[in-house]
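# Topology and contacts: notes
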Amino acid sequence: MIKEEIIIAGFGGQGVLSMGKILAYSGVMQGLEVSWMPSYGPEMRGGTANVTVILSDRPISSPISHDFDTAIILNQQSMDKFEPMVKPGGVLIYDPNGITRTPERQDIQVYSIDATAEAARSGNMRVFNTMILGGYLKVKPILTFDYVIAGLAKSLPERLHKLLPANEAAIRQGMELIRPR
Amino acid sequence: MEEVKLMKGNEVVAEAAVRCGCDGYFGYPITPQSEILETLMQMRPWETTGMVVLQAESEVAAINMVYGGAACGKKVMTSSSSPGISLMCEGLSYLAGAELPCVVVNVSRGGPGLGTIQPSQADYFQAVKGGGHGDYHLIVLAPNSVQEMYDFVFLGFELAFRYLNPVMILSDGVIGQMMEKVVLSAPVARWTDEQIAAQSSSWAVYGKPETRTRNIVTSLELEADRQEKVNLKLIEKYRRVAAEEVRYETSLCEDADYVLVAYGSSARICAKVVEMAREEGHKVGLLRPITLYPFPTKAIRELADRVKGFLSVEMNAGQMVEDVRLAAEHCAPVAHYGRMGGVVHSPSEVYEALKREFINQ
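All values reported here derive from a predicted model rather than from experimental measurement.

## Some points on the overall build of chain B
Per the secondary structure count, chain B includes 13 helices and 14 strands. Over its C-alpha trace chain B gives a radius of gyration of 21 Å, about what one expects of a compact globule, namely 21 Å for 361 residues. The C-alpha extent of chain B, read off along each of the three principal axes, is 70 × 50 × 40 Å. The buried share of chain B, reckoned over its 361 residues, is 58%. When contacts within chain B are restricted to residue pairs at least 6 apart in sequence, long-range pairs at least 24 apart make up 78% of them. If you sum the accessible surface of chain B, you get close to 14600 Å²; carbon and sulfur atoms cover 52% of it. Between the centroid of the 34 positive side chains of chain B and the centroid of its 45 negative side chains there is a distance of 2 Å.

Right under this line is the structure:
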């Protein structure tokens, strides 16, 4: 049985919502039920953004969750807010860039991925989010790579399809980059 | 041709409008439903089906444009969010008084006043009990998924024209903003002038042929005796609606000790609470009103004889709970739980409330 409740949280502009969109589309391509619930309130206008994505092989009851299987954390505010909401035994993935307090919980699996630094080195900050996504796919291999590539294509308008190869490479790079705590 | 897509609740309202053969949409932007107008503008249906899409100068203008279009026998609609719906309430009363069909979508947010832009269900009273003045009712549909946001535009027009009454789709920021899979049905053509003349000749104003007397669309009646006859006619219509159009869904209520009553996004959250409670061996069920007016009074009354309690879960200070209490007729205790102001309750919060109110008592 597949039931994965994911929160992705960070700053607006980091591609938080689009990362969630790629996950949701990938789920659809794989024949799963999906829900994608963004924050759209003033916190979004003030800089932070988050999205809840649920993937399941059965109909999804609540699109709202406060108990996540996986949290992908991209700034300190989101660490403070969402670290306590990971289920015991769940997964927390974070990018150390800008994190002043690393995760403290011992009852969850913590991974870090230095995607900001790596994307900056490669000179293409725009693939930062797909790099993180690659790290997630490595830790939680629920979605098959081919479906993710198909989902990626679905989530981008056709005029941006020239960016697909760079994003595919970034997903593979992220898979290599992610490290356990 | 059916299509499966991943779309936001707001976006599918626009898709549904075009695909159901809607003649006109008149609206004014407001969060969290602006994507309805934006999607329609992107779709440019005036170039394909001939549907009119117009950004009005205000919500007051939009609802009066709906009045005008509806008076001509056209399929017309608008959408807004809570404060904008308040501005439309005068128009809704006039539409109900003049017995005009239309669909109004409320993607509600926290109030009162300008409140917040986050999801809320605090417009239950406004939608179900009036909002505008006078003895009238809207038919109120409460979608709990992106699919129902789509389907209820079709159903809304069907009911609006069957009863010549405004229909409100009462949604909220969760359903409007979230993306889910949705099946889009094949497009239906807009009605031709001949079809409108054939089906609405007894009331609509589309140009008077010599073969009939003129139709007058109005909600004004200066003689009290005659106005009372209008009221009696409306009440008779609401009775028919209540007898024929109650829609609700139950899940695991057969053996339930406790029943959650919830609509829209709260019903989704409560569906998970039922799963959580059943896993721990508590017999909990869910009754989801799909029509809020007419309300599933009889279904609740029947359950009240065999359950130990109802918990009405709504993102407000306790509104639908009054109708649940009336329906239960003191045969079972009724409690309320809900976060407010744009805060969405989590399944675990609702489960804790259920334990506090009933299970652990």
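## Here we look at the pairing of strand β8 (residues 179-184) of chain B
As paired strands, strand β2 (residues 33-38) of chain A and β8 of chain B are joined by two bridges and run antiparallel to one another. From the neighbouring strand, tryptophan 36 of chain A faces β8 of chain B, where its bridge partner is methionine 179 of chain B. Both strand β1 (residues 3-8) of chain B and β8 of chain B contribute to a ladder of six bridges, which runs antiparallel. Paired with lysine 5 of chain B across the strands is valine 182 of chain B, a residue of β8 of chain B.

## Section: the pairing of strand β7 (residues 166-172) of chain B
The two faces of the sheet receive side chains in turn, since in a regular strand these alternate between them. Residues and elements named next belong to chain B. Counting buried positions along β7 yields seven of seven residues, so the element is predominantly enclosed. The alternating pattern of β7 places Pro166, Met168, Leu170 and Asp172 on one face and Val167, Ile169 and Ser171 on the opposite face, and all of these are buried. Pairing of strand β5 (residues 102-108) with β7, which is carried by seven bridges, proceeds in the parallel orientation. By the bridge assignment for β7, serine 108 is matched with aspartate 172.

## A word on the packing of helix α1 (residues 9-19) of chain B against helix α6 (residues 146-163) of chain B
In a packed pair of helices, the relevant descriptors are the angle between the two axes and the axis-to-axis distance. Residues and elements named next belong to chain B. The N-to-C vectors of α1 and α6 enclose an angle of 30 degrees; their axes lie 8 Å apart at closest approach. Considering their axes alone, α1 and α6 lie roughly parallel with respect to each other. Like other packed secondary-structure pairs, α1 and α6 cross with a definite hand, here right-handed. Of the residues in α6, those in contact with Gly9, Asn10, Val12, Val13, Glu15, Ala16, Ala17 and Arg19 of α1 are Val146, Met149, Tyr150, Val153 and Phe154.

## Re the nonpolar core
Grouped together as the largest cluster of nonpolar side chains are 124 residues, with contacts concentrated most on Met77, Leu260 and Phe310 of chain B. If one sorts the elements of this core by residue count, α6 of chain B sits on top with 11 residues. In terms of domain composition, this core takes at least three residues from each of domain 1 (3-184) and domain 2 (248-359) of chain B. Listed in part, the 42 residues of the second largest apolar core include Val16, Ile22, Leu74 and Phe145 of chain A.

## Some points on the pattern of salt bridges
Going through the model one piece at a time under the given rule, you end up with 36 salt bridges over all chains. Here glutamate 118 of chain A ties to arginine 121 of chain A by a salt bridge, and the two come within 2.8 Å at their closest N and O atoms. Here arginine 121 of chain A and glutamate 118 of chain A lie together in helix α4 (residues 115-122), a separation of three residues that amounts to about one turn. Classification of arginine 121 of chain A by relative accessible area gives exposed; the value is 63%. Linking glutamate 3 of chain B and lysine 5 of chain B is a salt bridge whose minimum nitrogen-to-oxygen distance equals 3.7 Å. Judged by its relative accessible area of 24%, glutamate 3 of chain B falls in the partly exposed class. Here the salt bridges do not stand alone but share partners, grouping Asp80, Glu83, Arg101 and Glu104 of chain A into one network.

Cut-offs applied
Residues numbered from 1 in each chain as written. Chains lettered and ligands numbered in written order. Predicted model: local features only at pLDDT ≥ 70, side-chain atom pairs only at ≥ 80, totals over all residues. Heavy atoms only, no water. Helix = DSSP H or I, 4+ residues; strand = E, 2+ residues; numbered from the N terminus. Rg over C-alpha atoms; globule rule 2.2 N^0.38 Å. Buried < 20%, exposed > 50% of the residue type's maximum accessible area, 1.4 Å probe, protein only. Contact = heavy atoms within 4.5 Å. Areas by Shrake-Rupley, 256 points an atom, 1.4 Å probe, with all protein chains shown as cover. Lys, Arg positive; Asp, Glu negative; His and termini not counted. Charge placed at Lys NZ, Arg CZ, Asp CG, Glu CD. Pairing = 2+ DSSP bridges. Axes fitted to C-alpha atoms, helices over the stretch in contact; angles between N-to-C directions. Parallel < 35°, antiparallel > 145°, perpendicular 65-115°, else oblique. Left-handed = near helix turned anticlockwise from the far one by under 90°. Core = buried A, V, L, I, M, F, W, Y, C linked by side-chain atoms within 4.5 Å. Domains from an automatic or database assignment. Salt bridge = Lys/Arg side-chain N within 4 Å of Asp/Glu carboxyl O.

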